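Breakdown of the fold
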Amino acid sequence: MAESPAQPDVSERRFAVGFTPWKLTEEKRRVRAAVPRQHFYQDDEPFEYPEGQRPAIPGAPGFPPHPTRRRIVFAFTSVLVGITGALGNAIVAANLPYLQGALGLDLSEAAYLSVAYLVTNAITGCVLVKYRQEFGIRSFCMIFLTLQALLISSHLFVHGLAGAILVRAASGISASALTTLGVFYMIQAFPAAHRLKAVCLGIGTPQLSLPLAWLIPKDFLAFGNWNGLYLFELGLSLTVLGIVSIVRLPPSVRSKAFEPLDVVSFSLYAVGFILFGSAMGLGSYLWWTNVSWIGWFFTACIPCFALFVSIEARRKRPLVDVKWLSAGTFVGWALIAVLCRFVQSEQTIGVLTMLRDFGLANDDIRPLTSAIFVGALLGLTAAALTVSPARLSYMVLASLFIVVAATYLDTGSSVSTRVPQLLITQGMMGFAGTLFIGPLFIFGLGRVLADGGVRMTSFIALFNVTQSVGTLTGNAFTQTYLFHAQQYHLGTYAAQAAKSEPDVTALLSSLSAQYSPLIADPVLRSAEGVAALSQEISLYARVAGYVDVFTAISLAATAGMVALAAVIAVNVIKQYRSKIS
């Protein structure tokens, strides 16, 4: 009996590109012609991987060997996909004060845009895991990137708050999928021995989007009533859509994932987090006690989460395994993950907003944002070069230590502080922001894989929630505490000014004299001097409020650092005693 022709190696299959780079025999051409052509959004045909190449969990691509050129293509695709997923929202966040006027919004209405992104990004992670387990991740990316491109295209013609919120919400879902896709592409770019480095780079690359967005000139996006922003997003979406359709991942191993009860569980989970995220994200803008629905939203989210936990705790195959996540290890991990994201608000809401209060625009602080970007890039590189299973906790500890040092140095800020005085500290914050994310993700992922990978949806849900909650609570705390601190210092400075009449009189005379060339009437000059003095007092009070915020964040990071160091010390002592015994 004649032997059957040998099957081509998996690495030679049509994974990395959409065309076949080898010569086919006539027989193989006839076999391929007999296979029905698939739609563009479907995954490649299923493949039985040999041992050592099978994915660890359903929905993930396999790990066939690749030539060097293909690995380079995978790495480039990973970087492009990862940055594209988060860059649209990053540009909106970086230019939010300028977008208000273009869209005719006040500050609280403009805040809806970032909140919509964070909420949808948090709640869709667990569903997307199940989707790619059953249907494959590529089908989702192709379909949803197409829908997102259509939404952005429509927003070029139909302006308004509702359309902008819809685009941002779609971007949040897309970013959740593209972040995972970026990790998958980066894993294909590295050999198995460096897989942890690949995960670090894949999950950390989207963190470069915000520093990169600060570097993009405002005039590049602001033309046509900010249509340039949507044209830029549309171009990125179409570029990624084209590249993902050409640069294909190896086939994934699929399995039945969805259950009917998932609809009920996800609805409760989504509604609960939408209520919580909306109230937390907008409370500091509308003010907590001025709008009644904020309190009602916080109240209404409690029964939603309670019903969700009650249902999931009784299921054999839960969407989110709340029992598994309630273990002490994951509770501590979640608190540290929230804190690491929380303290980053010192940079985004604290320092950069303080510089805007000094009258500086994005173009004026470009040296500072360049330092932040370089710091973030160095942090990502350092994380990839040093990551190992034994160093994960120490890397997160180092990130918190850098935050403590940077925020402590920033407590020396004053009304004369400008960009040059902040280059080092904000570069440190950028470094810390990308140093922690990879080790945190790998720590949780390791627990999932050690448990067989069946609880991947639970871990992704928790990871996404910690990052969104950390951002929302950090922004809310910073703005709320800043307001109270400013009011306190404003009252203190006003009282001191009233008591030191000779000094106040001399200062008023000096300020009034500045208007002598312009105003002849002494009464009007005196009124202008009083107004200038009030502005000076308000500025000093606001800077003092920022210093209080930096101090509070430094203390919070210190507390987290000490707690994590204590946990590490206890584990080291346990390991030492076990070796002795």
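As shown above, the structure is provided for reference.
Residues numbered from 1 in each chain as written. Predicted model: local features only at pLDDT ≥ 70, side-chain atom pairs only at ≥ 80, totals over all residues. Heavy atoms only, no water.

What the chain contains, in helices and strands, is 22 helices and zero strands. For the chain, the proportion of its 581 residues judged to be buried stands at 51%. The contacts in the chain between residues at least 6 apart in sequence include a share of 83% that link residues at least 24 apart. Roughly 26700 Å² of accessible area belongs to the chain as shown, and the carbon and sulfur atoms make up 66% of that amount. (Helix = DSSP H or I, 4+ residues; strand = E, 2+ residues; numbered from the N terminus. Buried < 20%, exposed > 50% of the residue type's maximum accessible area, 1.4 Å probe, protein only. Contact = heavy atoms within 4.5 Å. Areas by Shrake-Rupley, 256 points an atom, 1.4 Å probe, with all protein chains shown as cover.)

The next subject is the packing of aromatic side chains. Remark: the centre distance and the inter-plane angle together describe each pair of aromatic rings, the angle taken between the planes. Following the criterion strictly, the structure yields 18 aromatic pairs and no others. With 6.5 Å between their ring centres and 55° between their planes, Phe266 and Tyr269 make a pair best called tilted. Taken together, the positions of Phe266 and Tyr269, both in helix H11 (residues 261-286) and three residues apart, correspond to about one turn of that helix. Its relative accessible area of 23% is what places Phe266 among the partly exposed residues. The class for Tyr269 is buried, based on a relative accessible area of 6%. Measuring from centroid to centroid gives 5.1 Å for Phe441 and Phe463, while their planes differ by 75°, and the two rings are edge-to-face. Placement of the pair is Phe441 in helix H19 (residues 437-450) and Phe463 in helix H20 (residues 456-499), with a sequence separation of 22 residues. For Phe441, a relative accessible area of 7% corresponds to the buried category. Chaining the aromatic ring pairs together yields one cluster made of Trp324, Phe330, Trp333, Phe441, Phe459 and Phe463. Geometry around Phe443 places Arg447 over its ring, the cationic atom sitting 4.1 Å from the centre. (Phe/Tyr/Trp six-rings, centres within 6.5 Å; stacked < 30°, edge-to-face > 60°. Lys NZ or Arg CZ within 6 Å of the ring centre and 35° of its normal.)

Our focus in this paragraph is the packing of helix H8 (residues 195-204) against H19. It is at 8 Å that the axes of H8 and H19 come closest, and there the two elements cross at 120°. Between H8 and H19, the angle falls in the class oblique. In the crossing of H8 with H19, the sense of the turn from one axis to the other is right-handed. Packed against H8, whose contacting residues are Leu196, Val199, Cys200, Ile203 and Gly204, the element H19 presents Ile437, Gly438, Pro439, Phe441 and Ile442 at the interface. Here the residues of the contact of H8 with H19 sort into eight nonpolar, two polar and no charged. (Axes fitted to C-alpha atoms, helices over the stretch in contact; angles between N-to-C directions. Parallel < 35°, antiparallel > 145°, perpendicular 65-115°, else oblique. Left-handed = near helix turned anticlockwise from the far one by under 90°. Nonpolar A, V, L, I, M, F, W, Y, C, P; charged D, E, K, R; others polar.)

Tallying each qualifying case throughout the model produces ten salt bridges. In this structure, Lys130 and Asp262 form a salt bridge, with 2.9 Å as the shortest nitrogen-oxygen distance. In this pair, Lys130 sits in helix H5 (residues 125-135) while Asp262 sits in helix H11, placing the two residues 132 residues apart along the sequence. Judged by relative accessible area, Asp262 falls into the buried class, the value being 5%. Arg366 is paired through a salt bridge with Asp363; the nearest N and O atoms lie 2.7 Å apart. (Salt bridge = Lys/Arg side-chain N within 4 Å of Asp/Glu carboxyl O.)

Turning our eyes to something else, we now look at helix H2 (residues 68-94). When the terminal C-alpha atoms of H2 are compared, their 37 Å separation across 27 residues agrees well with the 39 Å that a helix rising 1.5 Å per residue should span. Residue Leu87 marks the point of greatest curvature in H2, where the axis turns by about 40°. (Expected span 1.5 Å × (residues − 1). Bend = angle between axes of the 7 residues up to and from the residue.)

The next subject is H19. If you check H19, its first and last C-alpha atoms are 20 Å apart, about what 14 residues at 1.5 Å a residue would give, namely 20 Å. Of all 14 residues that make up H19, ten are buried, and the element is covered over most of its length. Taken together, the buried positions of H19 are occupied by Ile437, Gly438, Pro439, Leu440, Phe441, Ile442, Phe443, Gly444, Leu445 and Val448.

Before going further, it helps to examine the environment of Ala164. Mapped onto the elements, Ala164 comes out in helix H7 (residues 161-189). Classification of Ala164 by relative accessible area gives buried; the value is 1%. Sequence spacing of Ala164 and Tyr230 is 66 residues, and the spatial spacing of their C-alpha atoms is 9.8 Å.

Another aspect to go through is the nonpolar core. The biggest cluster of nonpolar side chains holds 149 residues, and the ones touching the most others in it are Trp333, Leu368 and Phe459. With residues up to four places along the chain from it excluded, the contact list for Trp333 reads Leu440, Phe443, Gly444, Phe459, Leu462, Phe463 and Thr466. (Core = buried A, V, L, I, M, F, W, Y, C linked by side-chain atoms within 4.5 Å.)

Turning to unusual backbone geometry, a few remarks are in order. Its identity is not glycine, yet Trp287 carries a phi of approximately 75°, on the positive side. Mapping Trp287 onto the fold places it in the loop between H11 and helix H12 (292-313). The class of Trp287 is buried, set by a relative accessible area of 18%.

That is the geometry; function is a separate question.
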